[in-house]
Amino acid sequence: MDPISAAALAALAGGIGGEAGRQAWAALGALIHRPFRRAGADDEAGALVVSSGEAELTALTQNPGELERAQRLSTALAVRAALNAEFRLALENWWQQAQSVRTSEGAVSNQVSGGTQYGPVVMGRDFSGLTITAHGSAGPRAVPADTHGPTPPAPGGAEPSAAAGAQED
């Protein structure tokens, strides 16, 4: 089994995928909290101490934005999967389900159409804790008459400023 990417673990810990993502994260927690038994593990002196992944899961849950914590969890999962075939199968099943959560949330298509928008337009995905403060009126802004584009030519095709100067004489 290929290691689960640290970025994917961090994204799930951070809440990507809404409710489906939270369920996937909870399922990983339940999987990790299963008793950790290594094949052929004895209480022999000098045996390697291998993490079950619980400490790494807790650390990443507390700070999902820290990629180093996600990498530690990924490593702990890979080592545990290498030592326990039952855990490896369960982790592979979990990963297949978790990937569907991630891929269903991957594409974003933002469009604004149908006229002029007179306020903030926010485009993106997965916003949380967002506050938008708009200032001014909600309708079109008054624009001075002299800024409505180029002045049309005066009668006879003369430049507007030249025509105005000629009329003053």
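See the structure shown above.
These remarks concern the structure in this document. Note that the structure is predicted; figures quoted are calculated from it, not measured.

Definitions and cut-offs
- Residues numbered from 1 in each chain as written.
- Predicted model: local features only at pLDDT ≥ 70, side-chain atom pairs only at ≥ 80, totals over all residues.
- Heavy atoms only, no water.
- Helix = DSSP H or I, 4+ residues; strand = E, 2+ residues; numbered from the N terminus.
- Contact = heavy atoms within 4.5 Å.
- Salt bridge = Lys/Arg side-chain N within 4 Å of Asp/Glu carboxyl O.
- Buried < 20%, exposed > 50% of the residue type's maximum accessible area, 1.4 Å probe, protein only.
- Patch = residues over 30% accessible without salt bridge, like charges linked within 9 Å, V, L, I, M, F, W, Y side chains within 5 Å.
- Areas by Shrake-Rupley, 256 points an atom, 1.4 Å probe, with all protein chains shown as cover.

1. Concerning the side chain of Ser74
Right, on to step 1. Within the secondary structure, Ser74 is located in helix 4 (residues 67-83).
Right, on to step 2. Apart from residues lying up to four places away in sequence, Ser74 is in contact with Pro3, Ile4 and Leu9.

2. Focus on the pattern of salt bridges
Right, on to step 1. The tally for this structure, following the rule as stated, stands at 3 salt bridges.
Right, on to step 2. With a closest N to O distance of 3.3 Å, Glu19 and Arg22 form a salt bridge. Residue Glu19 and its partner Arg22 are located together in helix 2 (residues 18-32), separated by 3 residues, close to a single helical turn.
Right, on to step 3. Relative accessible area serves as the criterion here: at 45%, Glu19 is assigned to the partly exposed category.
Right, on to step 4. Taking the shortest distance from any N to any O, the salt bridge between Glu68 and Arg72 comes out at 2.3 Å. On the criterion of helical spacing, the pair formed by Glu68 and Arg72 is a turn pair, its members being 4 residues apart in helix 4.
Right, on to step 5. Judged by relative accessible area, Glu68 falls into the partly exposed class, the value being 46%.

3. Regarding a nonpolar patch on the surface
Right, on to step 1. There is a patch of nonpolar side chains on the surface, built from Val112, Val121 and Met123 and spanning about 240 Å² of accessible area.
Right, on to step 2. Mapped onto the fold, Val112 is located in the loop between helix 5 (85-104) and helix 6 (160-168).
Right, on to step 3. Judged by relative accessible area, which is 41%, Val112 ranks as partly exposed.

4. Some details on the environment of Thr75
Right, on to step 1. Here Thr75 lies in helix 4.
Right, on to step 2. Classification of Thr75 by relative accessible area gives partly exposed; the value is 41%.
Right, on to step 3. Each C-alpha atom of the pair Thr75 and Glu56 lies 9.4 Å from the other, and the pair is 19 residues apart in sequence.

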